[in-house]
Amino acid sequence: MMHEVPEGWAKKKFVDFSVLQRGFDLPVQSRVTGQIPVIASNGVVGTHNEARVAGPGVVTGRSGTIGKVQYFEGDYWPLNTTLYVKEFKGNLPEYVFRFLQYTRLERFATGTGVPTLNRNVVHNEEVIVAPIPEQKKIAEVLNSVDEAITATKAVIDQTKQVKKGLLQTLLTKGIGHTKFKQTELGEIPESWKVTTLGELADITKLAGYEYTKHVEYVDDGEVIALRAMNIKEGKLDLKDIKRIRKSVSDELPRSKLFMNDLIMSYVGTIGEVARIDTSDKYHLAPNVAKISFSEVVDPSYGFHNMHSPTTKSEISRLVTTTSQPSLSMGKIRSFAFLLPPMSEQKEVSEMLNSMDREIWSQQETLAQFQILKSGLMSDLLTGRKRVEVQDV
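Thresholds, definitions, all that
Residues numbered from 1 in each chain as written. Predicted model: local features only at pLDDT ≥ 70, side-chain atom pairs only at ≥ 80, totals over all residues. Heavy atoms only, no water. 1 Å grid on protein atoms, 1.4 Å probe; cavity = no way out; pocket = protein on both sides within 12 Å on 5 of 7 lines; lining within 4 Å. Points joined across faces, edges and corners; volume = space filled by probe spheres on them. Helix = DSSP H or I, 4+ residues; strand = E, 2+ residues; numbered from the N terminus. Nonpolar A, V, L, I, M, F, W, Y, C, P; charged D, E, K, R; others polar. Pairing = 2+ DSSP bridges. Axes fitted to C-alpha atoms, helices over the stretch in contact; angles between N-to-C directions. Buried < 20%, exposed > 50% of the residue type's maximum accessible area, 1.4 Å probe, protein only. Arc of directions from axis to C-beta. Contact = heavy atoms within 4.5 Å. Salt bridge = Lys/Arg side-chain N within 4 Å of Asp/Glu carboxyl O.

Draft legend 1. Geometry of the layout of surface pockets. By volume, the largest pocket is sized at about 570 Å³. Lining the largest pocket are 21 residues, and of these Lys-160, Lys-163, Leu-167, Glu-233 and His-307 lie nearest its centre. Elements that contribute at least two residues to the lining of the largest pocket include exactly α3 (132–173), α7 (299–305), α8 (309–318) and α10 (342–380). The element that contributes the greatest number of residues to the lining of the largest pocket is α3, accounting for six residues. Of the residues that constitute the lining of the largest pocket, the class distribution is six nonpolar, eight polar and seven charged.

Structure follows, in structure tokens:
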């Protein structure tokens, strides 16, 4: 939708702002490994020893993945599944990059099987464009936010790596042990036990007949039915949810979820685990198992153990590899489980919980930066908010 033209900005056809051009064929067998990135609609797919376009450059998808916009400082080879900016018409390349990101080119895609972006349709669109001094400042502002986003992602990735190493050590060697014993799972502390998940927890699912006979999704239901898609990176993701009546949940106590229960996906994407933080709010949906630990397992320790190398190995060993991988309840109950004394369980849990809190804090910071960037793009690239350009 065309906004009012801010003072000093220009209204023009897209083709008078930037010219898009289809990329070039370069079969895999013809590529020679080199320093030049080869660009497809979804990103860099290899390298070549020869460039087709001089940088800086802006590339977007023409066929397949539509809407992703990429920026390259150096020379590159855009494949024929892309459109690249052939002419910047005197505009700042970084500004054109941000402008195309904001434009949401996927709006212009046609076709259902393999979406295609017709450059001629885009070229005919009317756009409003900032003058060069403002283009430079807008690009600087958005680049600074991107730098903060990149730095925050790096902190998150590093913290996850540290946690992964700590998880490996704490859940196999424990804390401060000097005496170990050999078991079928390898060397473990002498005071630990090797048991199975089924000996320590009740494990169940929403039965097929329960779902067919009782469950009906309703928009105003009081209880959230948790599906596999609602479990991501150890937490509940509630952006896309289904609801059921509380009366239905109460009729099915076996699959009702309570505080400190774990849920685990067991069909398709297997082994995603999250912990329930409150009672009477959630219920199992199909393809998700409920794990309720007995009093000999600290709930936090049980949660972390389900992310341990031992559990990952058990999943790989026991999963049924068909067109849709799955695990039966019996196989989940047979998972090997390393059980330390309760005091050590709590100590291990607190160390890992501390790492999780740090990761979640950084993820919240990342989300705020992403919201900030979205708002800035909307304001700055439409001229709703103007930038100071005296120092540019």
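Structure shown, so let's carry the discussion forward.
Draft legend 2. A look at the sheet that holds strand β22 (residues 282–284). Within the open sheet, the three strands sit side by side as β19-β16-β22. Their pairing is mixed. Strands with a single pairing partner mark the edges of an open sheet, and in this sheet they are β19 (242–244) and β22. Averaged over all pairs of adjacent strands, the angle between their axes in this sheet comes to 45°, without regard to strand direction. Of the strand pairs in this sheet, strand β16 (residues 223–226) and β22 are connected by three bridges, and their pairing is parallel. For Ala-225, the partnering residue across the bridge sits in β22 and is His-283.

Draft legend 3. The arrangement of α8 in detail. Among the residues of α8, Thr-310, Thr-311, Glu-314, Ile-315 and Leu-318 are the ones counted as buried. Within α8, the buried residues cover an arc of 140° as seen down the axis, which keeps them to one side. Seen from the open side of α8, the exposed residues pointing more than 90 degrees away from its buried face are Ser-316 and Arg-317. Residues of α8 that are buried make contact with α7, α9 (329–333) and β24 (336–339).

Draft legend 4. Geometry of the pattern of salt bridges. Taken as a whole and judged by the stated rule, the model has 23 salt bridges. Notably, a salt bridge pairs Lys-246 with Asp-250, separated by 3.0 Å at the nearest N-O pair. You can see Lys-246 and its partner Asp-250 sitting in helix α6 (residues 246–251), four residues apart, about one turn around the helix. Given the relative accessible area of 36%, Asp-250 is considered partly exposed. As a salt-bridge pair, Asp-379 and Arg-384 come within 3.5 Å of each other at their nearest N and O atoms. Residue classification places Asp-379 among the buried residues on the basis of a relative accessible area of 18%. On the basis of relative accessible area, Arg-384 is assigned to the partly exposed category, the value being 46%.

Any link to function would need more than the numbers given here.
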